[in-house]
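In case you want the letters, here they are:
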Amino acid sequence: MTIKQALISVSDKTGIVDLAQKLSQLGIIILSTGGTAKLLQDAGIAVIEVSDYTGFPEMLDGRVKTLHPIIHAGILARPDLPEHKQALEKAAISGIELVIVNLYPFSQTIAKPNCSLEEAIENIDIGGPTLIRAAAKNYQHVTVLTDPEDYASLLTEIESNNGMVSSAYRFQLAQKAFSHTAAYDSIISNYLTAIDVHKQANVFPEYLNLNFHMAQHLRYGENPHQEAAFYRDQTPVPGGLADYTQIQGKALSYNNIADTDAAWECVKTFNEPACVIVKHANPCGVAIADTLLTAYQHAFATDQTSAFGGIIAFNRTLDKVTAEAIIKQFVEVIIAPEITNEAIQVLAQKPNIRILSLPVQSGQNQFDLKRVGGGLLVQTPDNHNITLNELKVVTKKQPTSQQLEDLLFAWRVAKFIKSNAIVFSANGQTLGIGAGQMSRVDSARIASIKAQQAGFTLTNSVVASDAFFPFRDGLDVVVQAGAKAVIQPGGSVRDAEVIAAADEQNVTMVFSGIRHFRH
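Residues numbered from 1 in each chain as written. Predicted model: local features only at pLDDT ≥ 70, side-chain atom pairs only at ≥ 80, totals over all residues. Heavy atoms only, no water.

1. A closer look at the sheet that holds strand 5 (residues 143-145)
Consideration 1: A sheet is described by the order of its strands in space; here 5 strands give the open sequence 3-2-1-4-5, paired in parallel fashion. Looking at the sheet topology across the chains shown, the edges are occupied by strand 3 (48-49) and strand 5. (Pairing = 2+ DSSP bridges. Helix = DSSP H or I, 4+ residues; strand = E, 2+ residues; numbered from the N terminus.)

Written as structure tokens, this is what we have:
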């Protein structure tokens, strides 16, 4: 279908003047509305305003612009059907073969801190989605564009096909258009159904709509017999793993992505140069230090066996000397905010290592999600990073300043370890980690055994427990191993018994008042 007439009505005017100029030069008639029409006219482009075209002025403060039979019949008519052609001829309606529309900025509007319900409602687009859906429905004869990123490819299509657009390209744009309006309506639904009848905002919407765009097919899922794909949230999350840039290496697998996310979210929480090594979704070594190399060496020393084939995350630029240390071990993925050219050259000796870069930015998903049979568990993210002032010393023995620093470090690490979690630490370094056990006392035993296997002396170490000790036995295990200070949430019916056990053994204990279960 040769494009003779186009309708342009855009809120995001990025690149629209250049596109319209080229369309006009190709002899395509341009219809437009309001601000878009004025912008194009000011640029010297011949434009017919929709109100002049329909003979019906915009009304109701612009709420009604394009909702007119002359417009929608021109978009929805099928020229391959004689009855449609006759209907258009009888009504003197011309076809519209190209629709370029994007919508009122609803998501940007509701992101404003003081956005009122009334302001949000006024930014719900009506005519735009109707135009898009009409054009996408009739994709066999009409081309629809909703994304400025597609302007260049449109021109390439038109110029290479003598003014026509291929059926495959039209279908691709129609798929994108329906996804665009679906996402737009989902944002509106999520916003409105999170407001009750008294116009009070709630955390969770009554109807939760999620919108993700496929980034890539994966070779397989957690296991080779499972199919898998990776989707990106259409609402960008600053600093989220989905925006990584891959510099080198094989394509990421399902497990690579999951484990890299765990490592990245943990390492981002530290202000000092930090290294986090993850294996099977759990940190197996974490350290902070004055240099990235030292942080890596200390993190690796925690559990060299588990670090084999692990994921390594840094919160500083990866340099050559650290890269030279890393290639001595087998590693699946390395992620850092930046990688120097010298480090890239070193890592190129192991071309299968996946090297990712991603700026460190503070941002989190709005919700954490977990599928269950026939449903979805939804919660706000665990983004609480405890401060020194929030700690409560509950024992007779007071912690030293160094112990307090180490307790806060261990507590931050415990937040990212599968429950039940026990973390031995000292001087900004993990010494032993017990993760994912059904019994907290077993996690304590495993953490102490791992520390001993790594050659660490736990005398004067500190311990973090992600949830309270239900009995004194878990505390006894870590104290017998050498710990002199313990951080835990508190809240057990046996807190008094556990505190008395700490006093009996002359160790200090602080309560965080918050737990970090991670399932």
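2. A closer look at the nonpolar core
The nonpolar side chains of a soluble globular protein tend to be buried with one another.
Consideration 1: Phe-270, Val-276, Ile-335, Val-413, Val-423, Ala-464 and Ile-487 are the most contacted members of the largest nonpolar core, which totals 43 residues.
Consideration 2: Among the elements that take part in this core, helix 16 (residues 401-414) stands out by supplying 7 residues, more than any other.
Consideration 3: Residue-level mapping places this core at the junction of two domains, with at least three residues from each of domain 2 (243-357) and domain 3 (388-511).
Consideration 4: The contacts of Val-276, once residues within four sequence positions are left out, are Ala-263, Cys-266, Val-267, Pro-283, Gly-285, Val-286, Ile-311, Ile-312 and Ala-313.
Consideration 5: Formed by 28 residues, the second largest nonpolar core is a distinct cluster that contains Ala-287, Ala-295, Ala-299 and Val-346. (Core = buried A, V, L, I, M, F, W, Y, C linked by side-chain atoms within 4.5 Å. Buried < 20%, exposed > 50% of the residue type's maximum accessible area, 1.4 Å probe, protein only. Domains from an automatic or database assignment. Contact = heavy atoms within 4.5 Å.)

3. Considering the packing of aromatic side chains
Consideration 1: Here the structure, examined in full by the defined rule, presents 7 aromatic pairs.
Consideration 2: Judged by centre distance (5.6 Å) and plane angle (40 degrees), the ring pair of Phe-270 and Phe-409 falls under tilted. Taken together, the residues span a long stretch of sequence, with Phe-270 in the loop between helix 11 (254-267) and strand 9 (274-279) and Phe-409 in helix 16 at a distance of 139 residues. When sorted by exposure, Phe-270 lands in the same class as Phe-409, which is buried. (Phe/Tyr/Trp six-rings, centres within 6.5 Å; stacked < 30°, edge-to-face > 60°.)

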